[in-house]
Amino acid sequence: MKFGISTFVNDDTIDTVTLARAIEERGFESLAIAEHTHIPASRESAYPMGGELPQIYYRTLDPFVTLAAAAAVTSRIELITGIALLIQRDPIITAKEASSIDLISGGRFVFGVGAGWNIEELSNHGTDPKTRGALLDERIEAIRALWTDEPAEFHGRYVDFDASYLRPKPVQTPHPPIFIGGDSDATVKRVIRHDAGWISNPSPAEHLRKRIEQMRDGAGHDVPLATFGTPIDADYWAALDELGYGRVALLLPTKPENESLKLLDDYAAAVEKYRA
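Residue indices follow the written sequence of each chain, beginning from 1 at its first position. Residues qualify for local features only when their pLDDT is at least 70, as the model is predicted, and side-chain atom pairs are given and counted only at 80 or more; totals for whole chains, interfaces and linings, by contrast, use all residues. No hydrogens and no water enter the side-chain calculation; it runs on all heavy atoms of the structure.

Peer 1: Which residues make up the nonpolar core, and what are the values?
Peer 2: Ranked by size, the top nonpolar core spans 64 residues in total, and within it Phe-28, Phe-111, Tyr-245, Leu-250 and Leu-264 carry the most contacts. The numbering of helices and of strands both runs from the N terminus, where a helix is a DSSP run of H or I of at least 4 residues and a strand a run of E of at least 2. The biggest single contributor to this core is helix α5 (residues 132-148), with seven residues. Not counting chain neighbours up to four residues away, the residues in contact with Phe-28 comprise Phe-3, Gly-4, Ile-5, Ile-23, Arg-76, Ile-77, Leu-250, Leu-264, Tyr-267, Ala-268 and Val-271. Core analysis: the next-biggest nonpolar cluster, separate from the first, contains 16 residues, Ile-39, Leu-53, Leu-85 and Ala-249 among them. Among buried residues, those of type Ala, Val, Leu, Ile, Met, Phe, Trp, Tyr and Cys that are joined through side-chain atoms within 4.5 Å constitute a nonpolar core. A simple rule labels every residue: compare its accessible area, found with a 1.4 Å probe on the protein chains alone, to the largest value its type can have, and call it buried under 20%, exposed over 50%, or partly exposed in between. Here, two residues are considered to be in contact whenever any of their heavy atoms come within 4.5 Å of each other.

Peer 1: I'd like a description of the pairing of strand β1 (residues 2-7), backed by residues and values.
Peer 2: The buried fraction of β1 amounts to five of the six residues, a majority that puts the element mostly inside the structure. When β1 meets strand β2 (residues 30-33), the two strands line up parallel, connected through three bridges. Residue pairing across strands places Thr-7 opposite Ile-33, the latter belonging to β2. By convention, a crossover is right-handed whenever its connection, traced from the first strand over the helix to the second and viewed with the strands pointing away, goes clockwise. Taking the sense of rotation as the criterion, the β-α-β connection linking β1, helix α1 (residues 16-25) and β2 turns out right-handed. Only strands that DSSP links by at least two bridges are regarded as paired with each other.

Peer 1: Summarise helix α3 (residues 91-105); cite the residues concerned and give the values.
Peer 2: Quick reminder: α-helices carry 3.6 residues per turn. Residues three or four places apart thus point the same way. The span expected for a helix works out to 1.5 Å for each residue beyond the first. The terminal C-alpha atoms of α3, which comprises 15 residues, lie 21 Å apart, in line with the 21 Å expected from a rise of 1.5 Å per residue. Taken residue by residue, α3 has Pro-91, Thr-94, Ala-95, Ala-98, Ser-99, Ile-101, Asp-102 and Ser-105 as its buried positions. End-on, the buried residues of α3 take up no more than an arc of 150°, which puts them together on one face. Away from its buried face by more than 90 degrees, α3 exposes Ile-93 and Ile-104. Residues of α3 that are buried sit in contact with α2 (63-72), β3 (78-81), β5 (109-114) and α5. One side-chain oxygen of the residue at the start of α3 lies 2.9 Å from the amide nitrogen of Ile-92, identifying that residue as Asp-90. Where α3 ends, the next residue or the one after it, Gly-106, has phi of about 75°, a positive value. Relevant arc is that of directions from the helix axis to the C-beta atoms, nothing else. Polar contact criterion, stated in full: a pair of N or O atoms within 3.5 Å, where within protein one must be able to donate a hydrogen and the other to accept it, and residues adjacent in sequence count only if both atoms are side-chain atoms.

As structure tokens, this is what we get:
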């Protein structure tokens with residue numbers, strides 16, 4: 001089980017370059033970055049964790065810019081979108097951004113995607129909340145085609161383009177790993193449909209087990225498993241390990257540099273103790 005770091009990189013927190021270097025220096029194996037383009041000031045969508053929505057959600061740096069910067073100053077860690085809100089993104093531009101990071105990093109990009117929860121946010125991008133699942137499916141398929149075919153074309157209800165050339169292609173073949181975020185029956189079906197992995201938020205182990213069993217039964221094989229926002233809890237890590245998780249991204253709070261580095265030291269010591 002690989003241990004990495006997941007976080008919201010903001011405009012008032014530890015800078016990306018220092019963060020990426022610190023993560024790699026301490027032996028962690030990945031950096032996963034959250035995405036929100038903006039947060040409408042007036043909204044009805046409830047914060048999934050309850051209570052007021054923290055400012056970190058609307059102060060996030062762009063994940064592809066962030067991971068490109070991290071790629072340039074590291075040589076080993078995986079670079080993960082956790083998750084990219086693909087229902088708010090142009091698929092052709094996103095395919096190029098992602099494959100560019102994979103090239104710059106030497107094949108270390110991992111594509112985590114999801115449909116999002118903030119209805120007002122996605123609506124500002126012209127996305128119909130009622131069809132965002134179908135839109136997500138088509139954009140995943142279109143990006144996969146752009147990564148693997150030359151020329152590539154796609155003809156769907158929401159994504160439609162004729163035979164086109166797109167470079168660079170990803171370094172990883174046939175393409176970077178795709179993980180789908182969410183926790184619903186629709187998520188289970190989507191993981192199976194796209195032969196993808198699942199990136200989960202912290203939930204009780206028994207709940208995770210039920211979802212994983214659904215995915216494995218539907219896919220007919222083991223499904224790659226990853227997390228975002230995992231707490232610092234060795235017992236919980238052991239439960240994830242038993243469930244078959246390959247990537248565990250510990251939650252680093254959004255803090256200034258000195259506090260972030262101290263937390264990373266503490267996390268590294270906890271992981272070392274767990275592995276001993």
